[in-house]
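Chain by chain, the residues:
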Amino acid sequence: MASSLTKDSVTPGTPGSEKTFFGHPRGLATLFMTEMWERFSYYGMRALLPLYLVAPGGLGLSAGTATAIYSVYLSLVYLLTMPGGWFGDRVWGPRKTVAIAGGVIMLGHLTLALPSSGTFYAGLGLVAIGSGLLKANISTMVGQLYSGPDDPRRDGGFTVFYMGINLGAFAAPLTIGTIGENVNWHLGFALAAVGMGLGVIQFLIGSRHLAPHSSTVPKPLSLEEKTSTLRKAAFWAALAVVFYAIVGFSGHYTLNWILVPLTLLGVIVPILVLTNIKRDKSLDRAEQSKMSAYIWFFVAAAVFWMIYDQGGSTLSLFADSSTDTSVFGWEFPVSWFQSVNPVIIMALAPVFATVWLALNRRGKEPSTVVKFSFGLVLVGASFFLFLAPLGIAEGGHKAAALWLVAIYFVQTCGELMLSPVGLSVTTKMAPVKYASQMMGVWFLAVTAGDATTGLLSIAGVDLNKTGIVAAEATLAVVAGIAIWMYRKRVKELMGDVR
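Residues numbered from 1 in each chain as written. Predicted model: local features only at pLDDT ≥ 70, side-chain atom pairs only at ≥ 80, totals over all residues. Heavy atoms only, no water.

**Student:** How would you explain the overall build of the chain if you had to name every residue and give the values?
**Tutor:** Per the secondary structure count, the chain includes 17 helices and seven strands. Seen through its C-alpha atoms, the chain measures out along the principal axes to roughly 65 × 55 × 55 Å. Across the 498 residues of the chain, 50% fall into the buried class. Within the chain, contacts between residues at least 6 apart in sequence are counted, and of these 79% link residues at least 24 apart. Counting only carbon and sulfur atoms, one obtains 68% of the accessible surface of the chain, whose full area is about 21,900 Å². Taking the average location of the 34 positive side-chain charges in the chain and that of its 26 negative ones, the two points are 7 Å from each other. (Helix = DSSP H or I, 4+ residues; strand = E, 2+ residues; numbered from the N terminus. Buried < 20%, exposed > 50% of the residue type's maximum accessible area, 1.4 Å probe, protein only. Contact = heavy atoms within 4.5 Å. Areas by Shrake-Rupley, 256 points an atom, 1.4 Å probe, with all protein chains shown as cover. Lys, Arg positive; Asp, Glu negative; His and termini not counted. Charge placed at Lys NZ, Arg CZ, Asp CG, Glu CD.)

Written out as structure tokens, the structure reads:
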């Protein structure tokens, strides 16, 4: 990265020296590399997770249980972004929170590398906690590098940062996946720990280039708040320990005693959070109207992510059992399919951005509502496409790998229609009172979607069956059409937001 640092004039007060990173504050290089290594470790472990859960040399679980564990894990990662943001705002400050989060993630991967089922679940929990802490705060520090919302480099800075995410996500399955599948599962998890360790070291070395106020606590807890928070945390922790001790010693404990409560939490918490904001009497009429519109987007996003995130579970398990992964006689690891999405994003994101700008100049850019509806229709279409390889597999044949590549391609196009727009509309429609919390609310849509998948799996629904795949595809397409049909009403509720 040193070779890409150039002398340039910068905005007065920008942290670091006069050197810049591709014309951006030098601290962006630190955050870019930290996020790249964190995503490398996260996506590498995620690519291995469902395969390890069902493998005879892994935990040897059923596909349904593996999908439930995977879905609950993903929902927890995004659910924990809200308390992660709270820790950054109230306890440690963003910089310290990210450093601690990196250490927790690394410890989690090392725990996953131990050959024991008990430590495996503890490792998953640690990675989820660390990811929640880091995800909520590292983006905040990117924003702090710039002089304010009007800094012309701000959007470009987040674009560069986003590329770091996808570089890590692309490289991880090709390296960690290969080692895990072809050499040793636990060595693959250990390699994920090495990646996160490199990210932590790089972050600590380069933190001097970050904004000075990234190390301050924006709204520190008062002594009374600290005492109250610790007391409540201790009470609920003790209650959980006593409850699970009783269940364990009575001989009734099964994995569902953990999975079911966590899955229900992933569905209930988003509903409670949205209900709490919607019922807040201090919001004016315009803010209430925007929140009513936002609920449409939230539900649409939950349906989208419910299907989209099965790319790492349902589709991955199908690839493992029913897809021909050979090219000219050479067998490639199943986990490599998880590199398809990030490489398509890196290729198509500039194309989509250029198309939107061109349409905008002509006054023909689709509205946020229309983009959302297209995103839902596309993710539904991807599962209609999934019916073809499912039919091939039911006929006793292996489906071609290109079927899965095509499915991931359609899903990624849907993601580029919905995800960036969702992030943008969340910031625009947030009530002033909840401005700092609304990004966490957006991530709760992912939690709700993945938790729903988890509930279906726990209930014994086989997500690799033609009927359920067709039902999910239909749900997404119908939801997309419904939003399109009610687009005028939603636009009215959005007020001045476009």
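**Student:** Hey, could you go over the layout of surface pockets for me, with residue numbers and the actual values?
**Tutor:** Of the pockets and cavities examined, the second largest pocket occupies roughly 1,200 Å³. Along the wall of the second largest pocket there are 28 residues; nearest its centre are Leu76, Leu80, Ala240, Leu262 and Leu265. Secondary structure elements with two or more residues in the lining of the second largest pocket: helix H2 (63-79), helix H5 (117-144), helix H8 (223-249) and helix H9 (256-278). Considering every element that reaches the lining of the second largest pocket, the biggest residue donor is H8, with eight residues. (1 Å grid on protein atoms, 1.4 Å probe; cavity = no way out; pocket = protein on both sides within 12 Å on 5 of 7 lines; lining within 4 Å. Points joined across faces, edges and corners; volume = space filled by probe spheres on them.)

**Student:** So what's going on with the environment of Ile205? Which residues, and what values?
**Tutor:** Checked against the element boundaries, Ile205 lands in helix H7 (residues 185-206). Residue classification places Ile205 among the exposed positions, given a relative accessible area of 54%. Counting along the chain gives 111 residues from Ile205 to Ser316, while the straight-line C-alpha distance between them is 37 Å.

**Student:** Account for the nonpolar core, naming residues and giving values.
**Tutor:** Within the largest apolar cluster, 97 residues are counted, with the highest numbers of intra-cluster contacts made by Tyr73 and Tyr294. Broken down by element, this core gets its largest block of residues, 13 residues, from helix H10 (residues 285-308). The contacts of Tyr73, once residues within four sequence positions are left out, are Tyr42, Met45, Leu49, Leu124, Val127 and Ala128. Core analysis: the second largest hydrophobic core is formed by 24 residues, Phe32, Met33, Val142 and Met196 among them. (Core = buried A, V, L, I, M, F, W, Y, C linked by side-chain atoms within 4.5 Å.)

**Student:** Just give me the short version of the packing of aromatic side chains, but keep the residues and values in it.
**Tutor:** On inspection of all chains with the given rule, the structure shows 27 aromatic pairs. Ring centres of Phe120 and Tyr121 lie 5.6 Å apart, and the angle between their planes is 80°; on these two criteria the pair is classed as edge-to-face. On the basis of an interplanar angle of 20° and a centroid distance of 5.5 Å, the ring pair of Phe304 and Tyr308 is categorised as stacked. Pair noted here: Phe304 and Tyr308 are both in helix H10, with a separation of four residues, about one helical turn. Each member of the pair, Phe304 as well as Tyr308, is classed as buried. Positioned over the ring face of Tyr42 is Arg39, at 4.2 Å from the centre of the ring. Here Lys371 stacks its cationic end above the ring of Trp356, 4.3 Å away from the centre of that ring. (Phe/Tyr/Trp six-rings, centres within 6.5 Å; stacked < 30°, edge-to-face > 60°. Lys NZ or Arg CZ within 6 Å of the ring centre and 35° of its normal.)

**Student:** Please set out empty space enclosed by the protein residue by residue, giving values where relevant.
**Tutor:** Remark: the empty space left among the atoms is shown by a probe the size of a water molecule rolled over them. What the rule picks out here adds up to one cavity of 30 Å³ or more. Elements that contribute at least two residues to the lining of the largest cavity include exactly helix H4 (94-112) and H7. Considering every element that reaches the lining of the largest cavity, the biggest residue donor is H7, with four residues. Its residues placed into classes, the lining of the largest cavity shows seven nonpolar, two polar and no charged. (Nonpolar A, V, L, I, M, F, W, Y, C, P; charged D, E, K, R; others polar.)

**Student:** Tell me about unusual backbone geometry, and please be specific about residues and values.
**Tutor:** You will see that Phe328, though not glycine, has its phi angle at about 55°, which is positive. Inspection of the secondary structure puts Phe328 in the loop between strand E5 (326-327) and strand E6 (330-331). In this structure Phe328 comes out as exposed when scored by relative accessible area, which is 88%.

**Student:** Break down the pattern of salt bridges for me, with residues and values.
**Tutor:** Inspection of the entire model under this criterion finds four salt bridges. Glu35 is paired through a salt bridge with Arg39; the nearest N and O atoms lie 3.9 Å apart. Pair noted here: Glu35 and Arg39 are both in helix H1 (residues 27-54), with a separation of four residues, about one helical turn. The same class applies to Glu35 and to Arg39, which are both buried. In this structure, Glu38 and Arg39 form a salt bridge, with 2.6 Å as the shortest nitrogen-oxygen distance. Classification of Glu38 by relative accessible area gives buried; the value is 1%. For Arg39, a relative accessible area of 3% puts it in the buried group. (Salt bridge = Lys/Arg side-chain N within 4 Å of Asp/Glu carboxyl O.)

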